[in-house]
Amino acid sequence: DGGITQSPKYLFRKEGQNVTLSCEQNLNHDAMYWYRQDPGQGLRLIYYSQIVNDFQKGDIAEGYSVSREKKESFPLTVTSAQKNPTAFYLCASSIRGRFEAFFGQGTRLTVV
Amino acid sequence: DAKTTQPNSMESNEEEPVHLPCNHSTISGTDYIHWYRQLPSQGPEYVIHGLTSNVNNRMASLAIAEDRKSSTLILHRATLRDAAVYYCILRDNFGNEKLTFGTGTRLTIIP
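What comes next concerns the included structure. (Residues numbered from 1 in each chain as written. Chains lettered and ligands numbered in written order. Predicted model: local features only at pLDDT ≥ 70, side-chain atom pairs only at ≥ 80, totals over all residues. Heavy atoms only, no water.)

### With respect to the packing of aromatic side chains
- Scanning the entire structure with this criterion turns up 11 aromatic pairs over all chains.
- Taking the centre distance of 5.9 Å and the plane angle of 65 degrees together, the rings of Tyr64(A) and Tyr89(A) count as edge-to-face. Note that Tyr64(A) is positioned in strand S7 (residues 64–66) and Tyr89(A) in strand S9 (residues 87–94), a separation of 25 residues in sequence.
- In this structure Tyr64(A) comes out as buried when scored by relative accessible area, which is 6%.
- Residue Tyr89(A) is classed as buried on the basis of its relative accessible area of 0%.
- For the ring pair Phe103(A) and Phe101(B), a centre distance of 5.7 Å and an interplane angle of 80 degrees mean the geometry is edge-to-face. One end of the pair, Phe103(A), is in strand S10 (residues 101–103); the other, Phe101(B), is in the loop between strand S8 (84–92) and strand S9 (105–110), on a second chain. Take Phe103(A) and Phe101(B): they sit in the same class, and that class is buried.
- A connected cluster of aromatic rings, assembled from ring pairs, spans Tyr33(A), Tyr35(A), Tyr48(A), Phe103(A), Tyr36(B), Tyr46(B), Tyr87(B) and Phe101(B). (Phe/Tyr/Trp six-rings, centres within 6.5 Å; stacked < 30°, edge-to-face > 60°. Helix = DSSP H or I, 4+ residues; strand = E, 2+ residues; numbered from the N terminus. Buried < 20%, exposed > 50% of the residue type's maximum accessible area, 1.4 Å probe, protein only.)

### Observations concerning the pairing of strand S4 (residues 31–37) of chain A
Residue and element names in this part refer to chain A.
- Counting buried positions along S4 gives seven out of seven residues, so the element sits mostly inside the fold.
- Relative to S9, S4 runs antiparallel, the two being bridged by seven bridges. By the bridge assignment, Tyr33 is partnered in S9 with Ala92.
- Two elements, S4 and strand S5 (residues 43–51), share six bridges in a ladder whose sense is antiparallel. Considered in S5, the bridge of Tyr35 is made with Leu45.
- Linking S4 to S5, which pair antiparallel, is a turn of five residues; within it Gly40 sits at a positive phi near 75 degrees. (Pairing = 2+ DSSP bridges.)

### Some words on the pattern of salt bridges
- Within the structure shown, the criterion is met by seven salt bridges over all chains.
- Salt-bridge contacts for Arg37(B) lead to Asp82(B); the nearest nitrogen and oxygen are separated by 2.8 Å. Linking Arg37(B) in strand S3 (residues 31–38) with Asp82(B) in the loop between strand S7 (70–75) and S8, this pair joins segments that are 45 residues apart in sequence. Across the pair, exposure class does not vary: Arg37(B) and Asp82(B) are buried alike.
- Taken together, the salt bridges that share partners define one network made up of Arg36(A), Asp38(A) and Arg44(A). (Salt bridge = Lys/Arg side-chain N within 4 Å of Asp/Glu carboxyl O.)

### Points about the sheet that holds S8(B)
Residues and elements named next belong to chain B.
- Read across the open sheet, the five strands follow the order S1-S9-S8-S3-S4; overall the sheet is mixed. Two strands in the sheet have a free side with no partner beyond their single neighbour: strand S1 (9–13) and strand S4 (45–50). The sheet shows a mean angle of 25 degrees between the axes of neighbouring strands, taken without regard to direction.
- Across three bridges, S8 lies against S9 in antiparallel orientation. When the sheet's bridge partners are listed, Ala84 is paired in S9 with Leu107. (Axes fitted to C-alpha atoms, helices over the stretch in contact; angles between N-to-C directions.)

Below you can see the structure in the form of structure tokens.
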């Protein structure tokens with residue numbers, strides 16, 4: 001089936017450790033996105049990529065890093081510099097232009 | 001970025017129509033109006049989108065004002081499964097692919 005897959009669904013890490021969240025899509029979409037969602041809040045854009053080997057900062061990029069070496073993959077690293085990393089992380093992809101975006105089911109990261 | 005304004009929350013009775021409003025007074029000529037909804041603990045799902053004309057699909061209808069500064073998502077007969085947060089966003093058809101969400105409207109369906 002075509003779709004966008006995030007893994008793992010739940011992730012626990014100790015404070016001070018970097019952690020990488022996976023996002024893979026087989027929809028042949030050019031654009032990919034990472035969002036953070038805190039309880040009861042809307043989605044905040046962390047990074048987005050419009051094409052392979054290119055990405056731009058969103059509204060809350062500090063403490064995060066990404067790469068886009070392949071069209072299908074857009075991993076997000078939550079670094080130790082992120083002050084409050086515990087959150088629900090969502091990945092999305094889209095054809096460039098006016099078409100709809102497709103979301104993964106999210107990764108719930110808890111840092112203890 | 002063009003911004004949208006939505007009420008924080010709305011309630012509706014089951015099996016009645018629901019009209020969810022969205023204001024986007026700074027919309028540009030190339031912006032499409034998109035609606036998404038998010039069920040608890042899930043990623044958002046696409047509902048509908050349009051440019052100038054009203055649109056219908058199996059999930060909902062989208063009514064766009066003539067000046068395009070506002071739009072309304074219409075659920076014709078709400079069910080308990082329609083309880084979700086609904087987001088109205090603008091997508092530029094050319095150039096920048098930045099996709100920004102606001103806080104949305106939390107829709108509660110009363111049985």
